[in-house]
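Coordinate analysis (summary)
Here are the chains, one letter per residue:
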Amino acid sequence: MDRIAELYTEVINFHGSKPRNFKKLETANRQQEGVNPLCGDHVTLYLEMEGDRIKDVGFQGTGCRISTASASMMTTAIKGKSKEDAKELFDEFHKLIKGQLPLDPDQHHLGHIATAFSNIANRPERVKCAILSWRTMRAALEGETEAVTTEDEHRQD
Amino acid sequence: MPAALEVEAKGMRTSQFDVHRIREDFPILKQQVHGRPLVYLDSAATSQKPQVVIDAIKDYYSEQNANVHRGVHYLSQLATREYEDARVKIQRFINAAETHEIIYTRGATEGINLVAQSYGRKFVHEGDEIIISAMEHHSNIVPWQMLCEQNRAKLRVIPINDDGELLIEEFARMLNRNVKMVAVTHLSNALGTIVPVKRIIELAHSQDVPVLLDGAQAAPHLKVDVRELDCDFYAFSGHKMCGPTGIGVLYGKSHWLESMPPVLGGGDMISSVTFEKTTYNVLPYKFEAGTPNIEGAIGLGVAVDYLSEIGLDLIAAYEHELLEYGTEIISAIPGVKIIGTAQEKAGVLSFTVDGVHPHDVGTILDDQGIAIRAGHHCAQPVMKRFNVPATARASLAFYNTKQEIDALAEGLQKVIEVLS
């Protein structure tokens, strides 16, 4: 498979062109903005929390195929999950795109997300695209009010 | 096509331009990227460097390195002479009246910040106005915003039309006695528009308002004559014109520079220092505190010699031919839309592809060895004006070929194939 087909997998193309949960969630009780200043992408994430559980989720915004697919798949993964489980998924996804996650499916909870995004680690220029919605989700769960930015992904520390 | 006509009138034709010989001067262009020949279409971000510039930097560190304006020893004198000779070359390149009107900076950004802070501190007060345009790079927006915030002045913006052309009549109406500076780009990095700066300067001067031109994009692609333009300040960057990074130039008319306070204090910018009082050095040193980028200045001097030897008129004419060719074949691809369609344009092809984000365009082109920029091009207000989050931008230089534009067109076909 060539490098492009490895990156734009069928799953990424599917979610990237027809994203799930792409809507303003009227019942949301949390809302968080995320921006990628490098390319002007932005995402607005809506969560309807029921106690510590994510009852429903939606997102809106503009982004590339990678960031849209990532947002779409992230929302399907966290729907119905507890806050703690969603944060664990974030940690696993972050490791994945840094190339630090064991790809054995028994060792993580990302399922097909891990397969779809495993090649991002080889493309540092697209890491910010993949992580934007995930970081926005974590910030929403932690009740942050400032918009999330992905600029610090450049830092080596 | 005034540029081409002008060139023909001088007896030059672009057929005289041997691009394949030019390419031999640029070692980086010989390389392969992802197994394909490099097609470098990102010169508006930074230009590639000819061997003579690379050699000049290597030679400087191998044979001439010493601090400038300090030592009595042989090497220091040698380095000082090379460093100051480069200033004379740059002076001639833009036809400045005096060598001391050439201030070395880190780049166009620093030059604009210098004027905003120095001129601003002295001449801009509460209620005054600064005029910029709607197609400025962030480097010609933010320094003025910072000044306006500090001094409670007002930032006003000349609107542009759907082709990306500045509305001159609107500008004429905006001028009034409170305006203390007009700062506009000479050539837009995001749209390629060549701004009618001469007309802007005439209008501003008729109301005694000085004009700063952001020449970061124009200096490598158009013949710049600061005396003919009669601009008050002209800022540009070395790295966009075949020179090294970290060096740039601020041209300023003597009388302005004389009347402006220094921004950075330190070594080299003083005549005498006591704890009670410091007397500042003469121009240009008043604005050049600290040990400068010596190898950068020398490299830039060699770069302007290199460009002058080819001839900016010929470069502009050849690049115009490439632009017309590129515009025709890129806009013929279904779903591709060119953003920035001014009558007067230089080598920038900013475009969108239906249903495909520019970042994905960039990644798929990169895989074919084609380097373009995808994003907002540090001109977010321009993106907003055209209602797009970002564009893909192919930017041309005199070392590009029509075959490379063909490769871009083929690459775009692949983009559409993969993503739609």
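Residues numbered from 1 in each chain as written. Chains lettered and ligands numbered in written order. Predicted model: local features only at pLDDT ≥ 70, side-chain atom pairs only at ≥ 80, totals over all residues.

Moving on: the overall build of chain A. A tally of regular secondary structure across chain A gives six helices and four strands. Listing every helix and strand of chain A by position from the N terminus yields α-α-β-β-β-α-α-α-α-β. Relative to a compact globule of 157 residues, whose C-alpha radius of gyration would be 15 Å, chain A shows 14 Å and is just as compact. Considering only C-alpha atoms, chain A reaches an extent of 45 × 35 × 35 Å along its principal axes. Residue burial in chain A is summarised as follows: out of 157 residues, 43% are buried. Here the analysis covers contacts within chain A between residues at least 6 apart in sequence; of these, 59% occur between residues at least 24 apart. (Helix = DSSP H or I, 4+ residues; strand = E, 2+ residues; numbered from the N terminus. Rg over C-alpha atoms; globule rule 2.2 N^0.38 Å. Buried ≥ 20, exposed ≤ 12 C-beta atoms within 10 Å, placed from the backbone. Contact = placed C-beta atoms within 7 Å.)

Now for the environment of Phe398(B). The topology assignment puts Phe398(B) in the loop between strand S17 (391-395) and helix H15 (402-419). Residue contacts for Phe398(B): discarding those within four places in its chain leaves Ile22(B), Ile310(B), Ile315(B), Tyr318(B) and Glu319(B).

All names here are of chain B. Under the domain assignment, chain B is made up of domain 1 (2-30 + 311-419) and domain 2 (54-309). Here the C-alpha centroids of domain 1 and domain 2 sit 27 Å apart. The interface of domain 1 with domain 2 comprises 21 residues on the first partner and 21 residues on the second. At the level of elements, helix H12 (312-331), strand S14 (348-353) and helix H14 (380-385) are the ones that each hand at least two residues to the side of domain 1 that touches domain 2. The element best represented in the side of domain 1 that touches domain 2 is H12, accounting for five residues. Looking at the side of domain 1 that touches domain 2 residue by residue, the class counts come to 11 nonpolar, five polar and five charged. (Domains from an automatic or database assignment. Nonpolar A, V, L, I, M, F, W, Y, C, P; charged D, E, K, R; others polar.)

So, about the packing of helix H5 (residues 108-123) of chain B against helix H6 (residues 142-151) of chain B. Residues and elements named next belong to chain B. The geometry of H5 relative to H6 is characterised by a closest axis approach of 9 Å and an angle of 20° between their N-to-C directions. Put simply, H5 runs roughly parallel to H6. As for the relative orientation of H5 and H6, their crossing is right-handed in sense. In this structure, H5 contributes Ile 112, Asn 113, Ala 116, Gln 117 and Gly 120 to the contact, and H6 contributes Pro 143, Trp 144, Met 146, Leu 147 and Asn 151. Considering only residue class, the contact of H5 with H6 consists of six nonpolar, four polar and no charged. (Axes fitted to C-alpha atoms, helices over the stretch in contact; angles between N-to-C directions. Parallel < 35°, antiparallel > 145°, perpendicular 65-115°, else oblique. Left-handed = near helix turned anticlockwise from the far one by under 90°.)

Every α-helix winds through 3.6 residues per turn, so residues three or four apart in the chain are directed the same way. All names here are of chain B. With 18 residues, H15 extends 26 Å from end C-alpha to end C-alpha; this agrees with the ideal 26 Å at 1.5 Å per step. When H15 is considered as a whole, its buried residues turn out to be Glu 404, Ile 405, Leu 408, Gly 411, Leu 412, Val 415 and Leu 419. Looking straight down H15, one finds its buried side chains confined to an arc of 110°; they lie on one side. Facing away from the buried side of H15, by more than 90 degrees, are the exposed residues Gln 403, Gln 413 and Glu 417. (Expected span 1.5 Å × (residues − 1). Arc of directions from axis to C-beta.)

Taken together, the 15 residues of chain B in the interface contact 14 residues of chain A. Counting only elements with at least two residues in the side of chain B that touches chain A, the list comes to helix H13 (358-367), strand S16 (373-375), H14 and H15 of chain B.

Residue and element names in this part refer to chain B. Tracing the chain through its elements places Ala 190 in the loop between strand S7 (179-185) and helix H8 (197-205). C-alpha of Ala 190 to C-alpha of Glu 136: the two residues are 54 residues apart in sequence and 8.7 Å apart in space. Non-local contacts of Ala 190, meaning those with residues more than four positions away in its chain, are made with Met 135, Gly 340, Ser 350, His 377, Ala 379 and Val 382.

Spatial strand order, S3-S2-S1-S4 (chain A): four strands in an open sheet with mixed pairing. The open sheet is flanked by strand S3 (53-62) and strand S4 (148-149) of chain A, the only strands paired with a single partner. (Pairing = 2+ DSSP bridges.)

Residue and element names in this part refer to chain B. Taken in spatial order, the seven strands of this open sheet run S4-S10-S9-S8-S7-S5-S6, and their pairing is mixed. Either end of the sheet is taken by a strand with one partner, and the two such strands are strand S4 (102-105) and strand S6 (154-158). Within the sheet, the average angular offset between the axes of one strand and its neighbour, ignoring direction, is 20°. Where strand S9 (residues 233-237) meets strand S10 (residues 248-252), five bridges bridge the pair, whose relative direction is antiparallel. Counterpart to Phe 236 in the pairing with S10 is Val 249. Lying on the sheet, H5 is in contact with S4, S7, strand S8 (211-214), S9 and S10; it crosses S10 at an angle near 35°.

Let us now look at the environment of Asp230(B). Residues and elements named next belong to chain B. Examined against the element boundaries, Asp 230 turns out to sit in the loop between helix H9 (226-229) and S9. Asp 230 sits 196 residues away from His 34 along the chain, and the two C-alpha atoms are 47 Å apart. Among all residues touching Asp 230, those that are not within four sequence positions of it are Ile 201 and His 205.

Turning next to H8(B). Residue and element names in this part refer to chain B. Of all the positions in H8, only Val 197, Ile 200, Ile 201 and Ala 204 are classed as buried. Along H8, the residues classed as buried sweep out an arc of 100° about the axis, all on the same side. In this structure, the buried side of H8 is in contact with helix H7 (168-174), S7, S8 and H9.

Residue and element names in this part refer to chain A. Running from amino to carboxyl end, helix H3 (residues 65-78) crosses helix H6 (residues 127-141) at an angle of 35°, the nearest separation of the two axes being 7 Å. Note on packing geometry: the crossing formed by H3 with H6 is right-handed. Judged by residue contacts, Ile 66, Ser 67, Ser 70, Ala 71, Met 74 and Ile 78 of H3 engage Cys 129, Ala 130, Leu 132, Ser 133, Trp 134 and Met 137 from H6. The class makeup of the residues in the contact of H3 with H6 is nine nonpolar, three polar and no charged.

All names here are of chain B. Of note, the bond from Leu 283 into Pro 284 is cis; its omega dihedral lies within 30 degrees of zero at 0°. By the secondary structure assignment, Pro 284 is in the loop between strand S12 (278-280) and helix H11 (294-310). If you check the backbone angles, Cys 242 has positive phi at about 75° while not being a glycine. Structurally, Cys 242 is set in the loop between S9 and S10. Using a count of 28 C-beta atoms within 10 Å as the deciding quantity, one classes Cys 242 as buried. Notably, Asn 387 is not glycine yet its phi reads approximately 60°, a positive angle.

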